[in-house]
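Residues per chain are reported as follows:
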Amino acid sequence: MDRLLGERLRMLREEKGWTQIQAAKLLGITNASLSNYERNERTPDVDMLKAFAEIYDVSIDYLIGYKPSKKAISIRESDQLENTIGLQCALILKKMEQLYEEEEELLFTFLQGLEARRKLYKRNGK
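Residues numbered from 1 in each chain as written. Predicted model: local features only at pLDDT ≥ 70, side-chain atom pairs only at ≥ 80, totals over all residues. Heavy atoms only, no water.

**As for the overall build of the chain**
Item 1. Counting its secondary structure elements, the chain contains eight helices and zero strands.
Item 2. Every one of the 126 residues in the chain was classed for burial, and the buried ones make up 26%.
Item 3. Surface summary for the chain: the accessible area is close to 9000 Å², and the carbon and sulfur share equals 53%. (Helix = DSSP H or I, 4+ residues; strand = E, 2+ residues; numbered from the N terminus. Buried < 20%, exposed > 50% of the residue type's maximum accessible area, 1.4 Å probe, protein only. Areas by Shrake-Rupley, 256 points an atom, 1.4 Å probe, with all protein chains shown as cover.)

In structure tokens form, the structure reads like this:
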């Protein structure tokens, strides 16, 4: 759970467009504490989990890896999916209907790799 929790906390904060300083202020904790949670060097207690769930608008179950997705929306219900990832990728995902937690983690890791590749190519002027 711990590794996944830190990754989700970081991802949710970045989805909101917040810095660690901004999120820490909303949570009433120090930037260092938030950084420790996101790096899995510290595990939040129940009250802190509630605070994370509230500011990121997700369930505690999602934060700790109990549910595969933040919201109970199946892949088939995403109208913007084709526009975001392309028709062929969207068709494959729609056939699957829902990702299991392990599949979501694999897809997330793959997308992180694509993001890193894009940054590298931008930096090298390609």
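**Examining a nonpolar patch on the surface**
Item 1. There is a patch of nonpolar side chains on the surface, built from Leu-107, Phe-110, Leu-111 and Leu-114 and spanning about 360 Å² of accessible area.
Item 2. With respect to the helices and strands, the residue Leu-114 is situated in helix α8 (residues 101–123). (Patch = residues over 30% accessible without salt bridge, like charges linked within 9 Å, V, L, I, M, F, W, Y side chains within 5 Å. Salt bridge = Lys/Arg side-chain N within 4 Å of Asp/Glu carboxyl O.)

**Thoughts on the packing of aromatic side chains**
Item 1. Applying the stated rule across the entire model yields three aromatic pairs.
Item 2. Sitting over the ring of Tyr-62, Arg-8 keeps its end group 4.0 Å from the ring centre. (Phe/Tyr/Trp six-rings, centres within 6.5 Å; stacked < 30°, edge-to-face > 60°. Lys NZ or Arg CZ within 6 Å of the ring centre and 35° of its normal.)

**Notes on the nonpolar core**
Item 1. By size, the foremost hydrophobic cluster in this structure holds 18 residues, and its most contacted members are Leu-9, Phe-52, Tyr-56 and Leu-63.
Item 2. The set of elements that each furnish at least two residues to this core consists of α1 (2–16), α2 (20–27), α3 (31–38), α4 (46–56) and α5 (60–63).
Item 3. Among the elements that take part in this core, α4 stands out by supplying six residues, more than any other. (Core = buried A, V, L, I, M, F, W, Y, C linked by side-chain atoms within 4.5 Å.)

**Considering the side chain of Ser-33**
Item 1. With respect to the secondary-structure elements, Ser-33 resides in helix α3.
Item 2. Residue classification places Ser-33 among the buried positions, given a relative accessible area of 14%.
Item 3. In terms of polar contacts, Ser-33 uses its side chain to reach the side chain of Thr-30, at 3.0 Å. (Polar contact = N/O pair within 3.5 Å; in protein donor to acceptor, adjacent residues only side chain to side chain.)

**Digging into the pattern of salt bridges**
Item 1. Per the counting criterion, the structure on display carries four salt bridges.
Item 2. Residues Arg-8 and Glu-104 are paired through a salt bridge, measuring 3.7 Å at the closest nitrogen-oxygen approach. With Arg-8 in helix α1 and Glu-104 in helix α8, this pair connects stretches of sequence that are 96 residues apart.

**Here's the deal with the confidence of the model for the chain**
Item 1. Of all residues in the chain, 83% attain a pLDDT of 70 or more, and the chain-wide mean is 82.
Item 2. Highest mean pLDDT in the chain belongs to α3 (96); lowest belongs to helix α6 (residues 81–85) (67). (pLDDT = per-residue confidence, 0-100.)

**Some words on the environment of Lys-50**
Item 1. Following the sequence through the fold, Lys-50 ends up in helix α4.
Item 2. As for Lys-50 and Ile-60, which are separated by 10 residues in sequence, their C-alpha atoms are 6.7 Å apart.

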